[in-house]
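Structural overview for review
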Amino acid sequence: MVKIIIGNKGSGKTKRLITLVNEAVANSKGNVVCVEKERLLTYDIDYHARLVETDHYGVVGYDAFYGFLSGIVAGDHDITDVLVDATLKIGGKDFDELTAFIKRVAALSRLIEKDFVFTISADEAELPAEIFNYCEKI
């Protein structure tokens, strides 16, 4: 399943994501991965979660982002949850491309039975309605 946390800058999206990462670590019988653009959450998330920084790997744009996430889950079949902060900073601010990306991740999620959570820094009204066909807002 794909879930999104939506809100403007300063609305508490990252704090909510940190809580979800730590809850997933406590409840998961597998591995939890937290993806961020740059290393900011080191001291906020449980050390049992795998923290991955996209800037370190040169991930830019939604095609590269999708490939990056696919590679992460392909490399570790014990992953149960993938949580991503700063989605628009990693992939870009084109909402049509974001919708296509979420659609692809939703298909991947169903195929491999892994959960994905993304933070999106925007007003809900700015996002295309179609995006909610592929994900759940939390």
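See the structure printed just above.
Described below are features of the structure shown in this document. (Residues numbered from 1 in each chain as written. Predicted model: local features only at pLDDT ≥ 70, side-chain atom pairs only at ≥ 80, totals over all residues. Heavy atoms only, no water.)

1. Thoughts on the overall build of the chain
From N to C terminus, the chain includes five helices and six strands. Each helix and strand of the chain, placed in order from N terminus to C terminus, yields the pattern β-α-β-β-α-α-β-α-α-β-β. The C-alpha radius of gyration computed for the chain amounts to 14 Å, which stays within 12% of the reference 14 Å derived for 138 residues, consistent with globular compactness. If one aligns the C-alpha atoms of the chain with their principal axes, the spans along those axes are about 35 × 35 × 30 Å. When burial is assessed residue by residue, the chain has 46% of its 138 residues classed as buried. In the chain, the share of contacts with a sequence separation of at least 24, taken over all contacts with a separation of at least 6, comes to 70%. Accessible surface, the chain: about 7,500 Å² in total, of which carbon and sulfur atoms supply 49%. Computed over 16 positive and 22 negative side-chain charges, the separation of the two mean positions in the chain equals 2 Å. (Helix = DSSP H or I, 4+ residues; strand = E, 2+ residues; numbered from the N terminus. Rg over C-alpha atoms; globule rule 2.2 N^0.38 Å. Buried < 20%, exposed > 50% of the residue type's maximum accessible area, 1.4 Å probe, protein only. Contact = heavy atoms within 4.5 Å. Areas by Shrake-Rupley, 256 points an atom, 1.4 Å probe, with all protein chains shown as cover. Lys, Arg positive; Asp, Glu negative; His and termini not counted. Charge placed at Lys NZ, Arg CZ, Asp CG, Glu CD.)

2. Considerations on the environment of H77
Tracing the sequence through the fold places H77 in the loop between α3 (62–75) and β4 (79–84). Spatially, the C-alpha atom of H77 lies 14 Å from that of R110, the residues being 33 residues apart in sequence.

3. Things to note about the sheet that holds β4
The parallel open sheet is built from six strands, whose spatial order is β3-β2-β4-β5-β1-β6. The strands lining the two open edges of the sheet, one partner per strand, are β3 (50–53) and β6 (136–137). The pairing of strand β2 (residues 31–36) with β3 spans four bridges and is classified as parallel. The partner of C34 across the bridge, within β3, is L51. Sitting on the sheet, helix α5 (residues 95–112) touches β1 (2–7) and β5 (115–121), and the angle it makes with β5 is about 165 degrees. (Pairing = 2+ DSSP bridges. Axes fitted to C-alpha atoms, helices over the stretch in contact; angles between N-to-C directions.)

4. Some details on α3
When the terminal C-alpha atoms of α3 are compared, their 20 Å separation across 14 residues agrees well with the 20 Å that a helix rising 1.5 Å per residue should span. For α3, the complete set of buried residues consists of Y62, F65, Y66, F68, L69, S70, I72 and V73. (Expected span 1.5 Å × (residues − 1).)

5. Thoughts on the pattern of salt bridges
Working definition: two side chains of opposite charge can pair if their charged atoms are close together. Counted according to the given criterion, the structure contains four salt bridges. Here D55 makes a salt bridge to K37, at a shortest N to O gap of 2.8 Å. With D55 in helix α2 (residues 54–57) and K37 in the loop between β2 and β3, the pair connects residues that are 18 residues apart, well separated along the chain. We note a salt bridge from D63 to R104, for which the minimum N-O separation is 3.1 Å. Residue D63 is located in helix α3, and its partner R104 is located in helix α5; the two are separated by 41 residues in the primary sequence. The exposure class of D63 is exposed, given its relative accessible area of 62%. (Salt bridge = Lys/Arg side-chain N within 4 Å of Asp/Glu carboxyl O.)

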